[in-house]
Amino acid sequence: MTGNYQLISVTNFDEPRPKPMADTGLIEPPHSWAVIPPQYTLSRHVEVLIATGATVLVVDSKESQDQLLQQGPFTKMEVSPNGKFLALFTVDGKLWVVSTDFQKNLSEYLTKSKIPPQQLVWCGTDSVVLYWDKIVLMVGPFGDWIKFTYDDPIYLAAEVDGIRIISNEKCELLQKVPAATEEIFKIGSTSPAAMLYDALDHYERKSPKADENIRSIKADLIDAVDCCVEAAGFEFHHHYQRSLLKAASFGKCFLDHYNADRFVDMAQTIRVLNAVRFYDIGIPLTYAQYKRLTPEALVDRLVQRNHHLLAYRIAEYLHVRTDKVLIHWACAKIKSSSDDDDTLCRTIVDKLAKKPGLSYAEIATTAYNSGQTRLATKLLDYESRAADQVQLLMSMEEDETALIKAIESGDTDMVYLVIFHLKRKLPLGEFFRAINNKPLACNLLEVYCKEQDKELLKDFYYQDDRRIESANVILSEGFDMDVATERISKLKVAGKTYHEDREHVFEAKSVDEAVKLLQFQVQLEKDTNQPFTGLSVSETIYKCTVLGQHAKATKIRGDFKVPDKRFWWVKLRALVEVRDWENLEKLAKSKSPIGYEIGAFKEAGEQAFLNKDMEGLRQVRAKCTNHIVAQELDSLLAQLNAK
């Protein structure tokens, strides 16, 4: 509640998200207020009960409802542990118990004290306890009451099954006697459980009445055994625990079929409870509290109190995971030990060796935070999870070790993670030196740079004096450029590097020819206004022929030493493409290195057939003198006519 009486709810402490509730409409402080947890409300949202004036307001996230009561003002109010009942104390000294929906009036008790109690606490769900100075009053559901007197100041702490009365010297538990215990030990009780307990006593005294008791409860013997087992869990004294379990075991002997799982579970539970109740530990849990708490939470509580040995033994006994216990013990050992790093590391590893797969990351983090970096690094050598190992090493600034561990893991993603971390952190020169002697890291960096960062790749090759690889990158960049002049510039830079290395004469000559071809293509583009950049020598000759630049095609042939057969084939295809029959005829009359008469007429005829050019196919047939080719052309003519 804020200073202006606005209510704010936070339902999850792990992810706190404050949410304002409905407006209370208060203009003055309330007399008292209480909260009903969401699991006990119909709306499944937090509800707040506010005593103001003579009535009570019920406020949730959407609205504020006045219950229109007249019994107030209420100076104290408390919700029962199960959220079903509400205890209110009025200004005239009356204790009033109602349901939390205000539909049922359950009890009224006049305390004869108009002074409000210091505390109003539920004792389980059966009674209400009020505390004034030196007086504790316990009021039952039917107006019954018990008064206790205390000389020292006390505090009442509510529990699920009672209340703890805490004073300067001791802690007492006040609770209703459990039904199972009452059924057995009530004076004059003749319940089956009481008869079974009495039968055991007669049996130990060798009295024949033991048999009579067993026979009299034969029909209810299973219920009697279960009741004795349950009652044993509620007892704090070892004598009664043993005698009740012994009575249950005695009763089992007369049953043909009985599932003993509950008996075994209770025996284990009692053993655990006795261990934590011991004065050295000092956790006086009841059976009901233990069931609500769960064994895992009890182990965690022992760990937080540094009772590691007991926590470990209980966890093993109940088959609960012991990882947290061992890790917390190791962390506590690091914080408190004065041993040297080697001794401490060996002690921890020897103790944890029986648990393969245990994470050392949290232990190493504790060592690092304690200023023991060397110990942290040594502990991480035993970490089986590469991700945890590498991440922590990077946070410890053990970058080289982190890179080595990432490489050893074989996880390329992990290696990349360390590489990029080093790149962000270190100057470029130091970064390259850090990975230079690690082949896998270098290879992965090259793969990445070839796809994403060519400049970094050139810097990497330059610092490593890998001039040829650097020239290859520049050459690749040159061929990726669309502007011819920029491409020529890049190729010249790469060519210069190739010329300086005697082992790369071929590359140097190839680059020179590529530059020469590009320069020729630039000139062709100026002359013809047609794109030539990027074409090969053969493609350039072909395009020149198509455009009628026969002289330039012949010049390219001479400059680049194109073989005669290739030149003739390229020129032939180009002439056929444009159906330049005149130049084809001139070629036919010249000496052909490719068997022009057969090859040319055959290819020209096939092209005309594909184009469905009847007139062109007839011209080719008329000029063909080879009878074999002529027969094929006649066949094509016949097929074209048939279509």
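Because the structure is a prediction, the values reported are computed rather than measured.

Engineer: Report on the UniProt feature "domain: Vps16 N-terminal" (unreviewed entry) in the protein, specifying residues and quantitative values.
Structural biologist: Under the UniProt annotation, "domain: Vps16 N-terminal" (unreviewed entry) lies at residues 1-265. Helix makes up 23% of residues 1-265 and strand 30%, whereas the separation of the span's terminal C-alpha atoms amounts to 45 Å.

Engineer: If you had to explain the layout of surface pockets to someone new, which residues and values would you point to?
Structural biologist: By volume, the largest pocket is sized at about 360 Å³. Lining the largest pocket are 17 residues, and of these Tyr40, Leu42, Glu47, Thr100 and Asp101 sit closest to its centre. Classifying every residue of the lining of the largest pocket gives 6 nonpolar, 7 polar and 4 charged.

Engineer: Tell me what's going on with the pairing of strand β16 (residues 163-166), and back it up with residues and numbers.
Structural biologist: Where strand β15 (residues 155-158) lies against β16, 4 bridges are found, and the strand directions are antiparallel. Within β16, the residue paired with Tyr155 across the bridge is Ile166. If you look at the hairpin formed by β15 and β16, you'll find 4 residues sitting between the two strands. Bridge count between β16 and strand β17 (residues 171-174): 4 bridges; the pairing is antiparallel. From the neighbouring strand, Ile166 faces β17, where its bridge partner is Cys171. In sequence, β16 turns back onto β17 through a hairpin of 4 residues.

Engineer: Lay out the packing of helix α10 (residues 323-336) against helix α11 (residues 341-352) with the relevant residues and their values.
Structural biologist: It is the contact of α10 with α11, at a shortest axis distance of 11 Å, that shows an interaxial angle of 165°. Viewed along their axes, α10 and α11 adopt a mutual orientation that is roughly antiparallel. The hand of the α10/α11 crossing is right-handed. For the pair α10 and α11, contact is made by Leu326, Trp329, Ala330, Lys333 and Ile334 and by Leu344, Thr347, Ile348, Lys351 and Leu352, respectively. By residue class, the composition of the contact of α10 with α11 is 7 nonpolar, 1 polar and 2 charged.

How each quantity is defined
- Residues numbered from 1 in each chain as written.
- Predicted model: local features only at pLDDT ≥ 70, side-chain atom pairs only at ≥ 80, totals over all residues.
- Heavy atoms only, no water.
- UniProt positions renumbered as here; feature names shortened; annotations may be inferred.
- Helix = DSSP H or I, 4+ residues; strand = E, 2+ residues; numbered from the N terminus.
- 1 Å grid on protein atoms, 1.4 Å probe; cavity = no way out; pocket = protein on both sides within 12 Å on 5 of 7 lines; lining within 4 Å.
- Points joined across faces, edges and corners; volume = space filled by probe spheres on them.
- Nonpolar A, V, L, I, M, F, W, Y, C, P; charged D, E, K, R; others polar.
- Pairing = 2+ DSSP bridges.
- Axes fitted to C-alpha atoms, helices over the stretch in contact; angles between N-to-C directions.
- Parallel < 35°, antiparallel > 145°, perpendicular 65-115°, else oblique.
- Left-handed = near helix turned anticlockwise from the far one by under 90°.
- Contact = heavy atoms within 4.5 Å.

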